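Results of the structural survey
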Amino acid sequence: MNFEEFITPQTDEEEVEVEEEVAVPEELDVQKAVVESLAADKAMQDEQIARLTKERDELAKCRDDAERRLSELQKQVDELRKTLEGYGDVLAKNTEQKASTQITMLERHEELDERFPGEFRDHVIEVLRDARDSAEKEGRTRRAQILESVLVANEPVGELSRRRAEIEKLFKDNGKYSEFPFI
């Protein structure tokens, strides 16, 4: 930028005053340097602002994407909760599979309700496990194999054993523990 344009031509009277003020051209050089420095700083700040604005927009896009994904995950969690509400009854029924002979012959009386989800399933599996152990001890290999295959295909819910462990811990903590076969 040429700053000479802004300097007005001097008349003879002004020349006398200029001779007295010798430092004027030096001050103009200093002012030019300061203005050029400020212009360079402004250009650098404009670049920084553009870069930061771009980063802000990218972060906003990432945030929106994350919120969308979180919403989708929340919907999936809600669907899973609805599916698992009756998991005790669902697990109690064996689905038809190629290798299965559909061992759902066990029915229960409708008036006897489960005290917790999976109670009947856990009790039946426990009885089958005891029968398998007994068959192995007695040398009834085929019976033990059949019971083992049923046990492998039907996992217990685990709620019965968890509740038993809680009760045992309660009695141990209170100093009144003994084996409770009736639980």
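Here the structure is a predicted model, which is why all the values come from computation and not from measurement. (Residues numbered from 1 in each chain as written. Predicted model: local features only at pLDDT ≥ 70, side-chain atom pairs only at ≥ 80, totals over all residues. Heavy atoms only, no water.)

**Re the packing of helix H4 (residues 119-138) against helix H5 (residues 141-153)**
- Two elements in contact, H4 and H5, have axes separated by 8 Å at closest approach and are oriented at 150 degrees. Classified by the angle between their axes, H4 and H5 sit roughly antiparallel to one another. In this structure, H4 crosses over H5, and the sense of that crossing is left-handed. The segment H4 lies against H5, with Ile125, Leu128, Arg129, Ala131, Arg132, Ala135 and Glu136 engaging Arg143, Ala144, Leu147, Glu148, Val150 and Leu151. (Axes fitted to C-alpha atoms, helices over the stretch in contact; angles between N-to-C directions. Helix = DSSP H or I, 4+ residues; strand = E, 2+ residues; numbered from the N terminus. Parallel < 35°, antiparallel > 145°, perpendicular 65-115°, else oblique. Left-handed = near helix turned anticlockwise from the far one by under 90°. Contact = heavy atoms within 4.5 Å.)

**Examining the pattern of salt bridges**
- Under the criterion given, the structure shown has 16 salt bridges.
- Among the salt bridges present, the one from Arg63 reaches Asp64, with a minimum N-O distance of 3.3 Å.
- The exposure class assigned to Arg63 is partly exposed, which follows from its relative accessible area of 48%.
- By relative accessible area, Asp64 is classed as partly exposed at 41%. (Salt bridge = Lys/Arg side-chain N within 4 Å of Asp/Glu carboxyl O. Buried < 20%, exposed > 50% of the residue type's maximum accessible area, 1.4 Å probe, protein only.)

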